[in-house]
Each structure stands twice: as C-alpha cells, then as structure tokens.
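Coordinate analysis (summary)
Each chain is listed here by its residues.
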Amino acid sequence: SNINKVKVVNSRQDNRRPSIYSTMDAMPHLEFYANATATGRIRRSRPSLETLRKSGNESKENGAGGKTAQPVRFGWVTGVMVRCMLNIWGVILFLRLSWITSQAGILLTWLIILMSVLVTSITALSVSAISTNGRVSSGGAYFMISRTLGPELGGPIGVVFSFANALACALNTVGFSETVRDLLIYDSQIVDSINDVRIIGSITVTVLLLISLAGMEWESKTQILFFLVLMVSFINYFVGTLIPATPQKQSIGVFGYRSEIFLENLFPDWRGPEGDFFRMFAIFFPSAIGILAGANISGDLKEPEIAIPRGTLMAIFWTTVSYLAISSTVGACVLRDASGNMNDSLPLNFTEACEGLSCGLGWNFTECQQSGTCSFGLSNSFQVLIQVSGFGPLIYAGIFAATLSSALAFLVSAPKVFQCLCKDNIYPYIGFFAKGYGKNNEPLRAYLLCYIIAMCFILIAELNVIAPLISNFFLCSYALINFSCFHASITNSPGWRPSFRYFSPWTGLFGAVISVVLMFLLTWWAALIAFGLIIFLFGYVVYKKHCQLTTALCSNSCSMPQCLVLTGPPTLRPALVDFVGSFTKNVSLMICGDILMDDEKSVSQRNSNEMIKWLNQRKVRSFYTSFKASDLREGARHLLQASGLGKMKPNILVMGFKMNWQESSSKGIEDYINTIYDAFDSNHGVCVLRMMDGLDIRDELETEGMLCSSVFNQAFEVDEAIESDDQISDADSDVDNRKNTVNDQIKTVFQSKQGKKTIDVYWISDDGGLTLLVPYLLTRRKRWRRSKVRVFIIGEQQTMENDRKEMKTLLQRFRLDVHDVIVMTDSERPPLAKNMRRFEEMLAPFRLNEGQLDERTAQQQRTEFPWKVTDKEMDALRLKSEKKVRLNEIIRRNSKYAALVLVSLPVPQADCPSSLYMSWLDTLSCGLHCPVLLIRGNQQNVMTFYCQ
C-alpha cells in the first residue's frame, strides 16, 4: 500500500496520471491546458500522437530531455525583483529627491511618492492578473495586452512601448554621461559640454549593447553587480546621517538628525517657476516607471505566472520604503539654505541680527537667504545626498549603477518586446527583426535597431522635450494594461480566469483613469502626441484587419474541428453526414470524401453534381470531393493531404464504424484500421461513429426501389456480411437505369429533437479537449440545446472527491456548462466472465494458434498474416483488452438512456495487430441503442482557458 501511495504522489507531482488505455497515455489534467506551449519552459505534458504510436518507448521518453542544452531561466528574485528595483531607482533618487523634499516638504513629498506608487501598484496588480491568466510568453507588456484586448490595441502599444524603452535607455545613458562630465575638471574637457555628453554616451551605450549581446546570463550578472553597488551606496548614505557633522558639513547645511530641522522641512516652501505640486509630481514620477522590467523578459523566466506578481510587488514595496526613508532622513538632517561659508558661524556671544532656524544651530545664513545667493542646502544643491553620505564618491558609484542598470534594462526590454511584435506580423516590413539567435532566441537584429534609435537621441544630447513624451508613453501603457483587465472582468469574459486573486476590476478602471488624467496634467501636448500615434497605429490595424490576425495572435480559446468525413456517397450514409454537420455548420469546415474504386472513369463526374445538390437540399454545409484509388487506405491518405486550402484544411478524420468487420476480408480490415493509423501518424484527430443498425442505408433504399447504381461505391462496404472477397472489386455500372431519386430525403436520429436526454462523455485520455469540444458544439444547436452533458472520468475511491473537484475546476475554466462529473472508481475490477468470453470468441478467427504449429510454420504464418494475433501478443495485451471490456460494462450500465455517448478512442502502438485493435473498437462501443462516437484529438490543445 505504501508503494501505491508513493506512485499516486509521484504521478500527481508529474501532472501525468496514466490512462487505463496505456501507461504512456495521460488522463485529463488542468496543467496540460494552463501552460500549453510556454516558450522554453521545462515541463511535462501529455504525450504526442507520435509518442503514443511508438512501441516500448516509455523509458526513452522519461530520459530524453536531459542532454539538450536548456535556455537560461531566472527566478523571481534575480529575474523580476532585482531587475525592477534597479529600473525604478535612477537619477531622480540621487539628484532630485532631496530638491523635491525642499520644495514640497516631507509630508507632500510622501504624498507624491504614495500617489506614484498607487498608480504603479494598481498597474502591478493588473499585470499580475494578466500574467496568471495562463501562458505568458516572451514579449511582456505587449504580449499581455495583445492577448487580452486583442491585436488592435496590442499592436500600437507594442510599437509605442518598444520605442519608449529605447528612448528611456537613451535618457538614462545621457544622465550617466552628464554626471561623468560634471566630475571632470574644467581643464579636462574632451571638447565642450554638449559634445562631451555625446562622446561619453555613445561609448557607454555601445558597451551596454555588447553586454546585452553577450546573452541574458551575462546581462543578469551585470545587474547583480549594479544592485550590490547600489546597496553599498545606500548604506553609505544612512551611515553618513548618523555621523556627527563637522564644521565643514554644517557650513553647507548638514547637521545630522535634529527635530527642529525635521519640523521646519515638514511643510512646503515653493520657490521659482517650477514651485507647484504637479510640477514636482511630474519630475518625480519617471523614477517609478520601471515596474514592467521583469514582465518585459517574461520569456526568460522559469515560472512567469509566479515570478511576475511576487517580484514586481516586492520591488515596488522595497523601492517605496527607500524613497520614503531617504526623503524623511534628508529632511531631518539638512537645512533648506546654507552659504557654505565657514565665516558664517556664530560666536558664543553674538550680537548681530540673525533670522531663521540656522541661528539656533550656531550659523547665520540670513544674508544669503535674503539675497537668494545660497549655494547649498536642500533648495539650492542637487548634490545633497553626496554631501550627507559618509564617503561621497560611493554615492557617485550609486548614481552610475542606477543610471547604467536602468539603461541596460531598457536596452534589453525594448528588443524583447519588439521581437514578439514582429513575430505576430501585425505591421508590414518589420518581420526581419523577429529572428532570434542562440538557445535563448536572442533578438540580435532588434538589439541593433534599438541601439541605433538610442544612439540618435544620445547624439541630440538635449532630451528635455522628449522626456515628457516618454513618461506619457509609459503612462499610456499603464492605462491600457489596467483598462484591459477592467474590460475582461466587467464583461465576464469566459477566458478571463486569473489565478491572482488580489485584483478588482474597479481598481483596474481607477488605474486607467488616473493614468490618463496624469498624462494630461503632466504634459498635455505630449499626451496628445501619444494618443495621436496610438490612434494612427490602431486605425492601421483595423483597416488592414486580416482574417488570420486574430488566429495568429490568440491561442485558440477553442480551435474548431475541420472534418474530412469518409461518407462514400453521402446519400448512403445520411446519419454520418447529419451528425458531423450538426457541429460544423456555420463554424468550421466539413468535406464529404468519396473514394472511388470503380473501373469506369465517368463515375466521379456523374455523381458530383447530384451529391452537392443532395447536400444543399439537406441543408448540410459541406464540400463534396471524390477521389479514385485502388483501396480505402490509399484514397483516405491522398484526401487528407490534398483536401482543403491553407488554414482551411481538415484536422479530423471522421469515419463510420465497420459493422461487418468479422465477416469482411482480411484486406478490408487492414485497409480500415490502417486508415485510422495513417490519420494518427499524420497528426490528425480521428472520430468513429457507430449506430446500432449501422450507417449504410443501401438495403433500405433497395427495398424501396430508390437506389441507383451511380451511388454504389465498393470502397465503403455495406454493414451486412458480403458473400465473397471478389465483390469488393465488382461494380454495377448500369447508369442508364438509374432513377432520379436522390432528391428524396431520409430522416435520421440527428434531425430529431433530443429533449432532455444526456450526452455522456467518457473522457478516458487527454487529447487536447476535442472530446469535450464536440458535445459543446452540439449543445449550441436547437435540437440538442436541452440535452445535459455528463462527464465520466477514471478515478480511485480514496481520491474520488479530489478528482471530481479538479475536473469541475477544469470544466469551469473551459466555460462549459456540464450537468455533472462522475468519477468511475470501479474500472480496475475484472470484467464479467461472459463478456470476456464474447471478446475472445469474437477474436478467435483472427488468432494465430502457435501452440498447434511447429516453429517454422508459425514463423511463416506470422509473416504471411501480420493482422493475426499471436499468443505472445495476446498475453502481452490481455490486461488492456480486459480493461476495455470492463469499460464497456460501465458504459452500458450508466448510459442506457443517453442520446449520445462519446468515448476516448485508444491510440494503438505501431505494432498492434489490426484485428485486435478492431476488436477493441467493437468492444468499447457494443451493446448501446444510442449512437456512440469513438473520438480522439491530435493531442494538441483545441480548448484553453487563458485567452478570450
């Protein structure tokens, strides 16, 4: 029992509980749909059709992936939190925060910080919600917006956001260059102040490009180095606030912690033309825009659904703490005005006039305060943090780390987002930049483009006009991210199921509104430019809206089944035509395939027009195509390859069940089963429809005198026994005696209202969701609308409730209205002896009884009759056979009164004898009065829950 428990635990951790059909096959599981096709993710998933068809490859699959080189992936700390913190910290922190504190006072500075954080936090909640709404690939903000709001809004934001990131890289590089220039002594100027910035900036951005091109691993190590330097500079600053101030420091207004200084700086003191609240907010806000740095490299994260919410919110928290701490400590230590003159110190017994707080601290700065010539203090110097710190040059190191890390992060983010945009092919002429290189799919071409854009703006060296536009572009991105979450929530979009629960649609709306308001409050003309550009790009996408655009972008919320139906002449199998037409009409492709094995060349031409006319009169929306072939298998193979055009190609082969297989020729069975095998091997889904009285109505038509020779096709044998193998190639070609009776319509069960009967789905193996999609499409039809869908799954007694809960969760994510989920806990019991005897008797004519033959004769018969089942094969596959017999007993017990039963079609291994597989299909579907559909998708998701 302990061993069994370990197996259960391991299988649950593996997310792949084996199906009763095969240990290689997997039972349905939510994870197969949540993380589908995540780029570069190391994960276990359902096996492919190729894997299921291979023989004895279980051990191979388990150990196959270890030798291949895996891309570098980052966790939430290094990949998101550190990256976001470095991007948020910048030049504003070191060179403007103290000045903002002097203007607005500590209280209003805290309000400015908290207002900025409110906007970024709401956006972070929205980003977290989108990133946990399923798969997150490379492309960050663009990917999330385009997959939630659609390509019309995602495309413009992708362009704008990529461009803003490239410009932000230029801005940070220029900030670094100006700091370096200010450190140079005047005699050491390279050329002049403007050209020095250009030269230093060009060299810097080139070095940053080389670091980026070295790969994400090197770029990440560089970011860690910058982070450590920043930590040291912060420690250096806080230690400096505790060191008693020397007379030199006091002369420039630095006194250490004093309550009177703190109280004085608590309230605002607006000065100059820039002295108002919103101007201070506009200057500070760009220091909070780095929250998407982690999301922008989502394709390089181990688990983006976990890393992005955790890392982004932690980064916002710690950077907010640092901003609040620095603004309050600098406001408690430094005066607003100081002269820097040592002679302004007051003697013990001074008699001269002295006004202001400095008098009580032993300094007289009255003269420079009144004349406005003070060069030091919070209001006059941008170097206050350097002056307060224990060792000034370490703060310069912090400035360099903050600017360079932000520039590097933006230089990495812009190409990643632009690459994803180019791959989606929304705008013309940009596909060139979509190509990736190396194991991490690095966008080298996009790197060079962003480098050129950044270099152009660095060479201007005057970005005061461009900077507001960049802030507006980021705010615009925030507004659309928030709006996309609000829109998806408020419309109750069925595809909107984020696992991140700390989100409300109203916070998303508030974040969107506040972002737009701030855009116009900060710089109205820049906001108009940003919106003008987005409207232009949006208009282009709407104008050029191609049919394939949404298909290319949106991972299929449900991919429609496009069916090639082997009907023979459709007039002879109306039930098969009606059934497939029920779920394909108006939503997907249906092609009736007629494989002709007659000798006369004129058969195709004389049938085609009548078949199409019959389909139109029956109101079945289907194409009809005939193909001349020597046998069923060859014809089906060619039809699968040649039918359809472009994306309108069949992905599912639909066949009728071969009722007369036990009396049929060995070649007939081989052809039929190999047709199914070929469909699996060409990555098509397969559906086999069985009805109690068969699908072929030839006898009924003959009885009524309605059958004409032109609709007789020997590729599709009648459901009753035929007299000899020779009849397969014989055809009655008397065309002159045919009656024009194809207009007469015969009513089938699929044309009747089904009432409140049930559609029972036995989802034994996970096939990508086709087993659930077909009944869902049926219940959208008027005749089936009142039918209730029941889903049956395999489970164990001890985990029954948990299994049922998991399946209900999955079905809710699929937005399927399922009446009930039933866990079958008795599938492991042995079947009844009489049913097992029936199975063995059915298979007996196809057994190769080796025990009664000598070795040589046995070997010869194995070669001559490959469809026959040897004793060894029978013993090896006995357990699988018993399970199918047992499953049929459960189906007959539970689905006596169902309108339709769907059962997962087992995928046989390549060496499974055709007669044994045919007996399995017969066993699974026998004994039911209602139609039975054996169904299997191609193991690729046709249903997901992460995209609208």
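One structure accompanies this document, and this report is about it. Quick caveat, the model's predicted, so the values are computed rather than measured. (Residues numbered from 1 in each chain as written. Predicted model: local features only at pLDDT ≥ 70, side-chain atom pairs only at ≥ 80, totals over all residues. Heavy atoms only, no water.)

A word on the overall build of the protein chain. Helix and strand counts for the protein chain stand at 35 helices and twelve strands. Across the 948 residues of the protein chain, 57% fall into the buried class. In the protein chain, once contacts between residues fewer than 6 apart in sequence are set aside, the share between residues at least 24 apart is 81%. Only carbon and sulfur atoms are counted for the fraction: they give 57% of the accessible area of the protein chain, which is about 40,000 Å². (Helix = DSSP H or I, 4+ residues; strand = E, 2+ residues; numbered from the N terminus. Buried < 20%, exposed > 50% of the residue type's maximum accessible area, 1.4 Å probe, protein only. Contact = heavy atoms within 4.5 Å. Areas by Shrake-Rupley, 256 points an atom, 1.4 Å probe, with all protein chains shown as cover.)

In spatial order, the strands read S3-S2-S1-S4-S5-S12-S11-S6-S7-S8; together these ten strands make up an open sheet with mixed pairing. Unpaired on one side and paired on the other, strand S3 (623-628) and strand S8 (820-824) mark the two borders of the sheet. Averaged over all pairs of adjacent strands, the angle between their axes in this sheet comes to 20°, without regard to strand direction. Where strand S11 (residues 900-904) lies against strand S12 (residues 932-936), four bridges are found, and the strand directions are parallel. From the neighbouring strand, Val901 faces S12, where its bridge partner is Val932. In the packing of helix H26 (residues 632-642) onto the sheet, contacts are made with strand S1 (563-566), strand S2 (590-596), S3 and strand S4 (652-656), and the angle to S2 comes to roughly 145°. Sheet strands in contact with helix H34 (residues 878-894) are strand S6 (758-762), strand S7 (788-794), S8 and S11, and its direction is about 165° off that of S6. (Pairing = 2+ DSSP bridges. Axes fitted to C-alpha atoms, helices over the stretch in contact; angles between N-to-C directions.)

Along the chain, the position of Met611 falls in helix H25 (residues 603-617). Taking the C-alpha atoms as reference points, Met611 and Tyr624, 13 residues apart in sequence, are found 7.1 Å from one another.

Scanning the model with the defined rule gives 23 aromatic pairs in all. Between Phe284 and Tyr323 the ring centres are 5.2 Å apart and the planes differ by 75°, which places this aromatic pair in the edge-to-face class. Of this pair, Phe284 sits in helix H14 (residues 277-284) while Tyr323 sits in helix H15 (residues 304-333), and the two are 39 residues apart along the sequence. On the basis of relative accessible area, Phe284 is assigned to the buried category, the value being 2%. Residue classification places Tyr323 among the buried residues on the basis of a relative accessible area of 2%. Seen from the ring of Phe432, Arg445 lies directly overhead, with NZ or CZ sitting 4.1 Å from the centre. (Phe/Tyr/Trp six-rings, centres within 6.5 Å; stacked < 30°, edge-to-face > 60°. Lys NZ or Arg CZ within 6 Å of the ring centre and 35° of its normal.)

This part takes up the nonpolar core. Residues Phe94, Phe474 and Tyr478 are the most contacted members of the largest nonpolar core, which totals 127 residues. The contacts of Phe474, once residues within four sequence positions are left out, are Phe161, Ala164, Asn165, Ala168, Ile289 and Phe410. Ala679, Val688, Met824 and Ile891 belong to the second-largest nonpolar core, a separate cluster that totals 62 residues. (Core = buried A, V, L, I, M, F, W, Y, C linked by side-chain atoms within 4.5 Å.)

Turning to a nonpolar patch on the surface, a few remarks are in order. A grouping of Leu184, Ile190, Val191, Ile199, Ile203 and Val207 is seen on the molecular surface, where their side chains present a nonpolar patch of about 480 Å² in accessible area. Mapped onto the elements of the fold, Ile199 is located in helix H10 (residues 193-213). Among the residues examined, Ile199 registers a relative accessible area of 32% and is labelled partly exposed. (Patch = residues over 30% accessible without salt bridge, like charges linked within 9 Å, V, L, I, M, F, W, Y side chains within 5 Å. Salt bridge = Lys/Arg side-chain N within 4 Å of Asp/Glu carboxyl O.)

Right, let's get into a positive patch on the surface. A contiguous patch of positive charge on the surface is contributed by Lys753, Lys756, Lys782, Arg785, Arg786 and Lys788. Here Arg785 is to be found in the loop between helix H29 (770-779) and S7. (Lys, Arg positive; Asp, Glu negative; His and termini not counted. Charge placed at Lys NZ, Arg CZ, Asp CG, Glu CD.)

Summed over all chains, the structure comprises one disulfide. Here Cys368 pairs with Cys374 through a disulfide, and the sulfurs are 1.8 Å apart. Judged by the sign of its S-S torsion, about 80°, the cystine formed by Cys368 and Cys374 is right-handed. The same class applies to Cys368 as to Cys374, namely buried. The thiol of Cys422 is not disulfide-bonded; the next cysteine sulfur, from Cys420, is found 9.3 Å away. (Disulfide = S-S within 2.5 Å.)

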